[in-house]
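So the chains spell out like this:
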Amino acid sequence: MKVALEIIEFKKVYGTYPAVNGVSFSVEEGELFGLIGPDGAGKTTLIRALCTLLKPTSGSLIVSGMDSNTDILAIRNILGYMPQRFSLYQDLSVEQNLQFFADLFKVPAIHRTERLNRLYQFSRLESFKKRLAGELSGGMKQKLALSCALIHTPAILILDEPTYGVDPLSRQEFWEILKSIQQEGATILVSTAYMEEAELCDRVALMYNGKIIEINPPEKIKAEYPYPLYRCEGRDMQKLRNFFKNLEGIRQTQLFGNALHVSFSEKPSPGDWQKWQKQSGGDLKNWIDHEPSMEDVFLYLINQEIKDE
Amino acid sequence: MGKEKPIVISIAIKEVLHILKDPRSLVILFLMPILQLVMFGYALKMEIQEVRIGVIDYSHSPLSRELVDSFRGSEFFRLFFFEGEERDINDLFRKRKAHAVMIIPGNFAKDLTRESLVDIQFIIDAADPNAATMIRNYVNQVIMNFNENRNDMIPIPFEIRGTLLYNPDRKSTYFFVPGIVALLLVMISALLTSITITREKETGTMEQILVSPVRPHEIIIGKVLPYILLAFLIGIIILLIGIFLFQVPFEGSVMLLLFLSTLYIITALSLGLMISTIAPTQQVAMMLALIVTLLPTFLLSGFIFPISSMPKLLQYLTYLIPAKYYLFIIRGIILKGSTFMQLFLPTLYLSIMSTVLLVISIRKFSINLER
């Protein structure tokens, strides 16, 4: 496999604050690579640097064999980029936006109609092509932004939290589109704050505090979770969480909507659970063995990281 | 590869779409200068009207009344008899009751008929020196006419008669309308382009177009093109109104004026672009554009104050004001009918200035998001 993106000891410092503090990894050609981490982890800085929009303070970024410091225009020719914020012209129509970016990337006239038709096909924006970009729904805006990023069929596609603030149905549709682009041979680097999206990637890098704390395929990352994990419910979740926190042998407690995830040093017996139910005043119910999700592992890894510091 | 349209053209077309999508701003863009021109045009007049002259007449003769009447013949003066003492004159001036005081001596009638040489005293309030000079000139003229009418048998050996060229009536509108045109053109043009790049930085669209292989000069030139046309149209309207509403005579070539006005507009647009490449936000950009165009054009271009009467240091500074050269051009063409060769130097200066500003803009334009 050839390497599409290579990040070597990349560091980016703003003033004295290191936004990204020494990161190395590579993304292979044709890979769908996920970058996950909380806000402020340094994902956007890393992505902008890969797109030649920021210069590394030290280290280097190699995009398809070219250095981001010197081959700026050549890199921009083969790269598709979708920024975190919607960055198209809101006062122009869908079609005008697409045509403008086709001009910017010098898409030849003979390929243009065919290219636009394909983009309309997957984005299903054709019936909206006269509508102003600013009047589209969140999901449609993202699809338009993706279409503009794909207008020159880039070999490498880089997306910064593309589904942020978009409804779940549109998110699902968006990821199906990403998968189909990958199948056509493109390399995709995508950052996201949604853990269930991370599970759709071939490999995932966990970023925290300007560093990468884990890189692996999602299944492998999930398998790393070392403790028995249970999911349980109750009426007063906060109280329930505090109850578990005060028990001995508890590794981690985490609230997920209307459920609580609890992990233990030793696997508890059914008798233990019945005892806890009584102690909690009968509030505890529906406890069950639970497969660790990306989020469980991610929180575990971050906690490990914090302890190490 | 088929023939593609240059990126410069696509960017220009995109700017035109932005302009057309915002008709309200477009209307304001056309109305604002028209309103300003009309307001300035009527407000900025230097002619003095209704000069109040207090008369102390010790002569009390038909001749002295004839003299006073000769002043009343002009719309320029308002005369009133002042019954007080000479030492109360100061009070007249302080209370702004009179701009000047004429004292006719007691022996006026007698001396004038006998010796035909007589002194009358004029005391003029010189708090405003320009006005004082003008009042003195007018007074002299009236007195001279009075003398000539009285005894035309006395031969006058010779007489200096100045002829005013280009503006024989000394109408300040002729002087100011070109100045206002120069001011409005530079202000509006600089404002137009000052926000074009900062706006894209603020809305984030710059981040998206930067990752394309577009080059700085393509963005800069593409952005300036449509505004040349827009500012040119505004310029024509201002010129038409200036010339027809204020009835400024037009001596020179219309084509030459339009051509050199375009050059001036390009200089101002480039100035706006340069501001746009360095200003962090739209608001800062607009403020900067106003600051560098409005006051310097008013004060340092020769619009109101003659450059030759400025301190040396400020005189050097005027070389940096585009309006200085344009005033030279527009006054020359409109009032004197100057030809291109006569205006070669200011044209050259403007060309150099716009080129330098454009080059700075392109150099300053950052192709990444680093500050």
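Residues numbered from 1 in each chain as written. Chains lettered and ligands numbered in written order. Predicted model: local features only at pLDDT ≥ 70, side-chain atom pairs only at ≥ 80, totals over all residues. Heavy atoms only, no water.

This paragraph deals with helix 8 (residues 196–203) of chain B. All names here are of chain B. Within helix 8, the full set of buried residues consists of Thr196, Ile197, Thr198 and Glu200. Packed against the buried residues of helix 8 are helix 1 (7–20), helix 7 (172–194), helix 9 (205–210), helix 10 (216–245), helix 11 (254–278) and helix 12 (282–300). Positive backbone phi, approximately 90°, marks Gly204, located one or two places after helix 8. (Buried < 20%, exposed > 50% of the residue type's maximum accessible area, 1.4 Å probe, protein only. Helix = DSSP H or I, 4+ residues; strand = E, 2+ residues; numbered from the N terminus. Contact = heavy atoms within 4.5 Å.)

Turning next to the domain arrangement of chain A. Domain parsing of chain A yields domain 1 (3–221) and domain 2 (226–291). The straight-line distance from the C-alpha centre of domain 1 of chain A to that of domain 2 of chain A is 39 Å. (Domains from an automatic or database assignment.)

Residue and element names in this part refer to chain B. Nonpolar side chains collect at one region of the surface, where Phe259, Tyr316, Tyr319, Phe340, Met341, Phe344, Leu345, Leu348, Tyr349, Ile352, Val356 and Ile360 lie side by side and expose about 1,200 Å² of accessible area between them. Considering every element that reaches the nonpolar patch, the biggest residue donor is helix 15 (residues 344–364), with 7 residues. Residue classification places Tyr349 among the partly exposed positions, given a relative accessible area of 36%. (Patch = residues over 30% accessible without salt bridge, like charges linked within 9 Å, V, L, I, M, F, W, Y side chains within 5 Å. Areas by Shrake-Rupley, 256 points an atom, 1.4 Å probe, with all protein chains shown as cover. Salt bridge = Lys/Arg side-chain N within 4 Å of Asp/Glu carboxyl O.)

Once that is clear, we can look at the packing of aromatic side chains. The full count for this structure, using the stated rule, is 26 aromatic pairs over all chains. A centroid spacing of 5.5 Å and a plane angle of 5° characterise the contact between Phe264(A) and Trp276(A), whose relative ring orientation is stacked. Within this pair, whereas Phe264(A) is found in strand 13 (residues 259–264), its partner Trp276(A) is found in helix 10 (residues 270–279), the two being separated by 12 residues in sequence. Looking at Phe264(A), the relative accessible area reads 2%, which means it is buried. Cluster of aromatic residues (ring-pair linked, three or more members): Tyr230(A), Phe243(A), Phe244(A), Phe264(A), Trp273(A), Trp276(A) and Trp287(A). If you follow Arg171(A) out to its NZ or CZ, it ends over the ring of Tyr194(A), 3.5 Å from the centre. Looking at Lys324(B), its charged tip hangs above the ring of Tyr319(B), at a distance of 3.8 Å from the centre. (Phe/Tyr/Trp six-rings, centres within 6.5 Å; stacked < 30°, edge-to-face > 60°. Lys NZ or Arg CZ within 6 Å of the ring centre and 35° of its normal.)

Frequently, the measure chosen for interface size is the accessible area that the parts lose on association. Chain A puts 33 residues into the contact, and the matching count from chain B is 28 residues. Taken together, the two surfaces of chain A and chain B that pack against each other cover about 3,000 Å², and 59% of this comes from carbon and sulfur. Among the ionic pairs, Lys12(A) bridges to Glu370(B), the shortest N-O distance being 2.7 Å. If you look at where chain A meets chain B, you find 17 residue pairs in polar contact (both at pLDDT 80 or more). Listing elements by their share of the side of chain A that touches chain B, those giving two or more residues are helix 2 (72–78), helix 3 (94–104) and helix 4 (109–123) of chain A. For the side of chain A that touches chain B, the class distribution of residues is 19 nonpolar, 5 polar and 9 charged. (Buried area = accessible area lost by both parts, 1.4 Å probe. Polar contact = N/O pair within 3.5 Å; in protein donor to acceptor, adjacent residues only side chain to side chain. Nonpolar A, V, L, I, M, F, W, Y, C, P; charged D, E, K, R; others polar.)

A word on empty space enclosed by the protein. With a probe scaled to a water molecule rolled over the atoms, the places where space remains empty come into view. Under the counting rule described, the total for this entry stands at 6 cavities of 30 Å³ or more. Taken together, Ala49(A), Thr52(A), Leu53(A), Leu54(A), Lys55(A), Pro56(A), Ser68(A), Asn69(A), Ile72(A) and Asn368(B) form the lining of the largest cavity. Residues of the lining of the largest cavity, tallied by class, amount to 5 nonpolar, 4 polar and 1 charged. (1 Å grid on protein atoms, 1.4 Å probe; cavity = no way out; pocket = protein on both sides within 12 Å on 5 of 7 lines; lining within 4 Å. Points joined across faces, edges and corners; volume = space filled by probe spheres on them.)

Moving on, we get to the sheet that holds strand 1 (residues 3–14) of chain A. All names here are of chain A. Spatially, 2-1-4-5 is the arrangement adopted by the 4 strands of the open sheet, whose pairing is antiparallel. At either margin of the open sheet sits one strand with a lone partner, and together these are strand 2 (17–28) and strand 5 (66–67). Pairing analysis gives 9 bridges linking strand 1 to strand 2, with the strands arranged antiparallel. Paired with Ile7 across the strands is Phe25, a residue of strand 2. Against the sheet, helix 1 (residues 43–50) makes contact with strand 1, strand 2 and strand 4 (58–63), and its axis sits at roughly 120° relative to strand 1, the strand it touches most. (Pairing = 2+ DSSP bridges. Axes fitted to C-alpha atoms, helices over the stretch in contact; angles between N-to-C directions.)

In this section: the packing of helix 7 of chain B against helix 10 of chain B. Residues and elements named next belong to chain B. Where helix 7 meets helix 10, the closest approach of the two axes is 10 Å, and the angle between their N-to-C directions is 155°. Judged by the angle between their axes, helix 7 and helix 10 are roughly antiparallel. Classified by chirality, the crossing of helix 10 by helix 7 is right-handed. Residue-level inspection shows Val177, Val181, Leu184, Leu185, Ile188, Ser189, Leu192 and Thr193 of helix 7 in contact with helix 10, the latter providing Val224, Tyr227, Leu230, Ala231, Ile234, Gly235, Ile238, Leu239 and Gly242. Partitioned by chemical class, the residues of the contact of helix 7 with helix 10 number 13 nonpolar, 4 polar and no charged. (Parallel < 35°, antiparallel > 145°, perpendicular 65-115°, else oblique. Left-handed = near helix turned anticlockwise from the far one by under 90°.)

Residue and element names in this part refer to chain A. For strand 8 (residues 187–192), the buried fraction is high: 6 of the 6 residues fall into the buried class. On strand 8, burial covers both faces: Thr187, Leu189 and Ser191 on one face and Ile188, Val190 and Thr192 on the other are all buried. In the sheet, strand 7 (residues 156–160) pairs with strand 8 via 5 bridges, with the strands oriented parallel. Within strand 8, the residue paired with Ile158 across the bridge is Leu189. Between the parallel elements strand 7 and strand 8, the chain passes through helix 6 (residues 168–183) in a crossover that is right-handed. (Right-handed = clockwise from strand over helix to strand, strands pointing away.)

Turning our eyes to something else, we now look at the pattern of salt bridges. The full count for this structure, using the stated rule, is 23 salt bridges over all chains. Ionic pairing is found between Arg171(A) and Glu197(A), a salt bridge with its closest N-O pair at 3.2 Å. Of this pair, Arg171(A) sits in helix 6 while Glu197(A) sits in helix 7 (residues 195–198), placing them 26 residues apart in sequence. Its relative accessible area of 4% is what places Glu197(A) among the buried residues. Lys95(B) is paired through a salt bridge with Asp91(B); the nearest N and O atoms lie 3.3 Å apart. When salt bridges with common partners are traced through the structure, they connect Lys14(B), Glu15(B), Arg199(B), Glu200(B) and Lys223(B) into a single cluster.

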